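Chains, contacts and geometry: an overview
Chain by chain, the residues run as shown.
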Amino acid sequence: MTTTGTTTPTMRAVTCHAGALDVVDLPAPRPAKGQLVIDVARAGICGSDLHARLHADELKGVMDEIGYPDFINSAATVVLGHEFCGEIAERGKGTPRALKVGTPVAVFPMLRAHGGVHMTGLSPLAPGGFAEQALAEASMAFAVPNGLSMDIAALTEPMAVALHAVRRSDISRRDTAVVIGCGPLGLAVICHLKARGVGTIVASDFSPGRRALAKRCGADVVVDPAVDSPYDAAAAKGMITEAPALFELAVGSMEKLRKVPGWVHLYRLVDSLGGANPKRPIVFECVGVPGMIDGVIAAAPLGTRVVVVGLCMGDDKLRPSMAIGKEIDLRFVFGYTPLEFRDTLHLLADGKLDAAPLITGTVGLDGVATAFDELGDPEKHAKILVDPRSSATAPV
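What counts, and where the lines are drawn
- Residues numbered from 1 in each chain as written.
- Predicted model: local features only at pLDDT ≥ 70, side-chain atom pairs only at ≥ 80, totals over all residues.
- Heavy atoms only, no water.
- Pairing = 2+ DSSP bridges.
- Helix = DSSP H or I, 4+ residues; strand = E, 2+ residues; numbered from the N terminus.
- Axes fitted to C-alpha atoms, helices over the stretch in contact; angles between N-to-C directions.
- Contact = heavy atoms within 4.5 Å.
- Parallel < 35°, antiparallel > 145°, perpendicular 65-115°, else oblique.
- Left-handed = near helix turned anticlockwise from the far one by under 90°.
- Nonpolar A, V, L, I, M, F, W, Y, C, P; charged D, E, K, R; others polar.
- Buried < 20%, exposed > 50% of the residue type's maximum accessible area, 1.4 Å probe, protein only.
- Salt bridge = Lys/Arg side-chain N within 4 Å of Asp/Glu carboxyl O.

**Some thoughts on the sheet that holds strand β17 (residues 329–332)**
Hydrogen bonds between backbone atoms are what pair the strands of a sheet, whose relative direction is either parallel or antiparallel. Overall, parallel pairing links the six strands, which are arranged β14-β13-β12-β15-β16-β17 in an open sheet. Strands at the two margins of the open sheet, each flanked by one partner only, are β14 (221–223) and β17. If you compare each strand with its neighbour and ignore which way they point, the axes differ by 20° on average. As paired elements, strand β12 (residues 176–180) and strand β15 (residues 282–285) share four bridges and run parallel to each other. Looking at β15, one finds that V179 is bridged to F284. Lying on the sheet, helix α4 (residues 184–195) is in contact with β12, β13 (200–204) and β15; it crosses β12 at an angle near 165°.

What follows is the structure, given as structure tokens:
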């Protein structure tokens, strides 16, 4: 951080405007009541940052419709970076005494500013972590426990997204999970499934490099979808893939049950224990491009629960009749709760969740544009971190 003349402190940051990433000097942040200034130690580059750089306007209309008009757009200048951690440099009035200067914290990326609460790093009104310093709400800053490294602490945010998705899936250890797409989000989901002890985890991706990372994160089976079906790899006894088999199950079961006195009570008991329905996998769609949801619905076994984690920025379409005919359970997830963020940080710090395989490189602020470009090649990188005090201009 430097000063302009003798009075105005400035800092270096990466701004995004009309798709261009530039390293500039900006005024250093000052904390309002209840806020902290964070010396950023690490900030992760997220897939949504890559999309927002060039395609923010596609999502802007949706955000307007749900009542948030201050989302990033191509005409605005934004400091990206919503996955970050660092040390407290300055405390505003009314902040908890436990959050002392020098305390390492992971930051839940929401900030009070300009009369509202804004998405840090995804709004021009809340500058993010691709900078030497960033603001955080003290209520949303979580002290990093157990000496956890800043590299891993920076993964709290994306790993919290995955925890929320896994929790919303209601998956059990006996279930079979199928993860479609092994980018950073899919890999994070695999890490959580492994930590939960899910019995069978099938991962699918066209990239050999990402399939290798999926194995390192805990996938039991990895599939190249150009060669094999992930649903065939996940097939278990009792799964039904075609309607005639379901019809046969219904009629055949009733032929046997009707021979038993009091069959209705037996049927009710089996149904209450979850044994009356065909087995099905739980699928995590982690790609987020048009056509993926409909493709999963068409290919997955009957009764599959599909958790949509990947964010498709543009329009998409699906065939409701296909989803209805197969009785697909479709769930959409977004973000995480403050408790899930806190719990993720502690899972990482306690060694119960291993996210280290996701990190494939680190750059300084002058290397952010190069890192964005290199993340377009799935064989090179999964998660690149930004260290604002590093001089690296390419991922190392």
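**Digging into the packing of helix α3 (residues 156–169) against α4**
Close contact between α3 and α4 brings their axes to 8 Å; oriented N to C, the two are set at 60°. Taken together, the axes of α3 and α4 lie oblique to each other. Handedness of the α3/α4 crossing: right-handed. Contact residues: P158, M159, V161, A162, L163 and V166 in α3; L185, A188, V189, C191, H192 and L193 in α4. Looking at the contact of α3 with α4, its residues break down into 11 nonpolar, one polar and no charged.

**Concerning the pairing of strand β8 (residues 110–113)**
Side chains L111 and A113 project from β8 onto a buried face, and the interleaved M110 and R112 project onto a face without burial. Pairing of β8 with strand β9 (residues 116–119), which is carried by four bridges, proceeds in the antiparallel orientation. Paired with R112 across the strands is V117, a residue of β9.

**Considering the pattern of salt bridges**
Under the criterion given, the structure shown has 16 salt bridges. Residue D373 pairs with R53 through a salt bridge whose shortest N-O separation is 3.7 Å. A residue pair is termed long-range when its members are at least 10 positions apart, and D373 in helix α12 (residues 368–374) and R53 in helix α1 (residues 47–65) qualify at 320 residues. D373 gets classed as exposed once you look at its relative accessible area, which sits at 54%.

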